Amino acid sequence: MAEILLDEGQLKEILKKAILEIIKEEKEIFYDLLTEVLEDMAIEKAIKEGENTEPVAREAIFKMLDRQK
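Rules used throughout
Residues numbered from 1 in each chain as written. Predicted model: local features only at pLDDT ≥ 70, side-chain atom pairs only at ≥ 80, totals over all residues. Heavy atoms only, no water. Helix = DSSP H or I, 4+ residues; strand = E, 2+ residues; numbered from the N terminus. Rg over C-alpha atoms; globule rule 2.2 N^0.38 Å. Buried < 20%, exposed > 50% of the residue type's maximum accessible area, 1.4 Å probe, protein only. Areas by Shrake-Rupley, 256 points an atom, 1.4 Å probe, with all protein chains shown as cover. Lys, Arg positive; Asp, Glu negative; His and termini not counted. Charge placed at Lys NZ, Arg CZ, Asp CG, Glu CD.

Here the focus is the overall build of the chain. Per the secondary structure count, the chain includes 3 helices and 0 strands. Taken from N to C terminus, the helices and strands of the chain fall in the order α-α-α. For 69 residues, the compact-globule formula gives about 11 Å, and the C-alpha radius of gyration of the chain, at 23 Å, lies well above that figure. Across its three principal axes, the chain shows a C-alpha extent of roughly 70 × 30 × 20 Å. Out of the 69 residues belonging to the chain, those deemed buried represent 0%. On the chain, roughly 7,300 Å² of surface is accessible, and the fraction owed to carbon and sulfur atoms is 61%. Distance between charge centres in the chain, computed from 11 positive and 18 negative side chains, equals 7 Å.

Rendered as structure tokens:
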């Protein structure tokens, strides 16, 4: 088996092209993954913000949700 030698720049370029090709070919999977990451970040932010607020009764939350329908 022949050995292939690449410098750092060549390897970086090959990896970039491979990643872009995967994204293009698997748009739906990539979109789902990105969406999930963003949702997780939003939930983390909401939890951190919630740690600095007063607790709210469960019933109050459901009343507010019912009014928004």
